[in-house]
Amino acid sequence: MKKKNLSKAVLYIVLSIGALIMIAPFIWMISTSLKSIDEVFTYPPTLFGKTIRWDNYARVSDRYPFGHWFINSTIVTTVVLVCQLFTSSLAGFVFARLKFRYRDVIFLVYLATMMIPVHVTIIPVFIIMRELGLIDKLPSLILTEVATAFGTFLMRQFYMTIPDSLEDAAKIDGCNPFGTFWRIFLPLSKPALATLGIFIFMGMWNDFIRPLIFINSVENMTLTLGLANMKGMYATDWPVMMAGAFISMIPILIVFLFAQDFFVKSITLTGLKE
Amino acid sequence: MKKKKLLDRDSTWSFILLMPNIVIFLVFSLIPLIASFFISLTDWDLLTPMQWVGFTNYKELFSDDIFLKSLWNTIYFTLGTVPIGIIISLLLAVAVNQRIKGIKIFRAAFFLPVIASWVAVGLMWMWMYDKQFGLLNYFLDLIGIKGPPWLSSIKWAMPSIIITSIWKGIGFNMMLFLSGLQGIPESYYEAADIDGAGWFGKFMHITIPCLSHTTLFVTIISIINSFQAFDLVYLMTFGGPARATSVLVFYLYQCAFRYFRMGYASAIAYVIFFMILIFSIVQFQLQKKRITV
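Note that this is a predicted model, so its numbers are computed, not measured.

What exactly am I supposed to notice about helix 5 (residues 103-112) of chain A here?
Helical geometry: 3.6 residues make up each α-helical turn, so side chains three or four residues apart lie on a common side. For helix 5 of chain A, the full list of buried residues reads Arg 103, Phe 107, Tyr 110 and Leu 111 of chain A. One face of helix 5 of chain A carries all of its buried residues, which in axial projection span an arc of 100 degrees.

When you look at the domain arrangement of chain B in this model, what are you seeing that I'm missing?
Accessible area lost on assembly of the parts is the figure often given for the size of an interface. Residues and elements named next belong to chain B. Entries for chain B in the domain assignment read domain 1 (2-39) and domain 2 (59-290). A C-alpha centroid distance of 36 Å is found between domain 1 and domain 2. Listed by partner, the interface residues are four residues for domain 1 and six residues for domain 2. Carbon and sulfur atoms make up 67% of the area that domain 1 and domain 2 hide from each other, which totals about 410 Å². Contact with domain 2 buries area across many residues of domain 1, yet Leu 33, Ser 36 and Ile 39 alone supply 83% of it, more than any other trio. Put simply, domain 1 and domain 2 have zero salt bridges between them. Our enumeration of links across domain 1 and domain 2 arrives at one residue pair in polar contact (both at pLDDT 80 or more). Split into classes, the residues belonging to the side of domain 1 that touches domain 2 amount to three nonpolar, one polar and no charged.

I keep staring at the domain arrangement of chain A and nothing clicks. Help me out?
All names here are of chain A. Looking at chain A, the domain boundaries give domain 1 (2-58) and domain 2 (64-270). Domain 1 and domain 2 are separated by 33 Å when their C-alpha centres are compared. The interface is formed by 12 residues belonging to domain 1 together with 11 residues belonging to domain 2. For the pair domain 1 and domain 2, the summed buried area comes to about 940 Å², and 87% of that belongs to carbon and sulfur atoms. Inspection of the region where domain 1 meets domain 2 yields zero residue pairs in polar contact (both at pLDDT 80 or more). Contributions of two or more residues to the side of domain 1 that touches domain 2 are made by helix 1 (2-33), helix 2 (37-40) and helix 3 (55-59). Counting residues per element, the side of domain 1 that touches domain 2 draws most heavily on helix 1, at five residues.

Analysis parameters
Every chain begins its residue count from 1, and numbering advances along the sequence as written. Written order determines the labels here, with chains lettered from A and ligands numbered from 1. Owing to the predicted nature of the model, reporting of local features is limited to residues with pLDDT of at least 70; listing and counting of side-chain atom pairs is limited to 80 or more, with chain, interface and lining totals taken over all residues. Side-chain numbers come from the whole structure's heavy atoms, not from hydrogens or water. Burial classification: accessible surface area is computed with a 1.4 Å probe over protein chains only, and a residue below 20% of its type maximum counts as buried, one above 50% as exposed, and the rest as partly exposed. Helix numbering and strand numbering both begin at the N terminus, where a helix is a DSSP run of H or I of at least 4 residues and a strand a DSSP run of E of at least 2. For this quantity, the arc is that covered by the directions from the helix axis to the C-beta atoms. An automatic or database domain assignment supplies the residue ranges for each domain. Two residues qualify as a contact provided that any one of their heavy atoms is within 4.5 Å of a heavy atom in the partner residue. Note: buried area is the sum, over both parts, of the accessible area (probe 1.4 Å) each one loses when the two are combined. Think of a salt bridge as a Lys or Arg side-chain nitrogen and an Asp or Glu carboxyl oxygen that are within 4 Å of each other. We call two N or O atoms a polar contact when they sit within 3.5 Å, provided that within protein one can donate a hydrogen and the other can accept it, with sequence-adjacent residues counted only if both atoms are side-chain atoms. Charged means Asp, Glu, Lys or Arg here, nonpolar means Ala, Val, Leu, Ile, Met, Phe, Trp, Tyr, Cys or Pro, and polar covers whatever is left, Gly included.

Okay, here's the thing in structure tokens:
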């Protein structure tokens, strides 16, 4: 019994040290974001400055259109979210439930395209976007993500588990395949959609390389690109940069707080992707 | 007869419902993949007409010191992040797999860096690594070590990127291991208890062998991901100092969008593609087992 308590204590200590290492940079970020610029450059460092400088958060949008970036990120993320959830569930339904020739071969080939890294096709995609006149416009960040193999795969796996009897009932009612999908399958897919949704949300909100290549003007940037850009401008104004970095994380933090289990599920499934 | 009609109806519907996926797949995956290869056989700066050069770009790659340096850096980065990252996250997964109070909070803490963007993480760590006022050198100072100038040092820049990448990736791998751990039957451990096995014995003889599939999977994903490292390098060091952190994707980005050598950059893209392809095929085979067709 005594030995068990001891090992438990050791476990807690190890976990606490580990957790502290993981969290320290975040605490450092928040602490810095609330200090004055002079207090940042003092040695030894302190956790809090003499006064809490909330105005750093206001200063974020002084020289840069931070609000624009936030809105741009929100637009891109939301549009992709809605479109991809819809196309993925449709395509997932087709591959799970409808029968056509070479269905499973086509599905596997489509699935294999998940393995093509974004960097390998980025030059031709850039050229296509240019031909479409979409460079420096938000649709260039949206279009490629409107329908994906990964989303299709995830929804298909879910629809495979739904019993036939439900589908048969709809067929007897005279539903066409879209009707069956819309009335029976879609309403059942909330958990799967939430999992895929979190995956899409994280990917889009944190996306960097595509905005970097497709967007030029400052006001059309997304948060990640804007922040990277800020770094060049503010150079050593760490309080403002840390405030900006923290704001950019808040939406994901909120979702994480309320849907931790879905996050974990989404990540475990992501293992299948990257 | 009736069955055939049903099949035809389903085919038509399938085609209609798959339309968005078909279009996006053709325009943004298949065509670019093929186009990328053709562009790699040309000289093209986007402005003047393309010039067909055959395999010249590929030949040039292997006498280009910057490319070879970037290739080496990518391998260095991979060797630096993957083994350490996997060992730490495996141990962490075992630790957070215990049923003790507050374990969910610990899991959340380890997971936090995963949900942050690479850009936010990069900014945070640039400040952590600050030579004079950074938290890291402060702590090193406390234990009597004079910290290096991290990101601005040729020797330490890559280790800095590696440390930050490991820190960000641990939670992700931990969750994959955790879901693997939860698949190991409790009875194995109970049997070992009866045999009087200790913690370490159980870990070596039950946990590790049972997780072999997960470990292989995590290793391959980690390798594929580290071949594609870019964001941190772009943000924290821009490939420097003196190309010390220039990785393949970064060099690809520079060639394409800074030097406007589309053909040459596409050749780099194809090298990356083939490097990843080998690992992807293994991953795909593993994954196929998990898909019920």
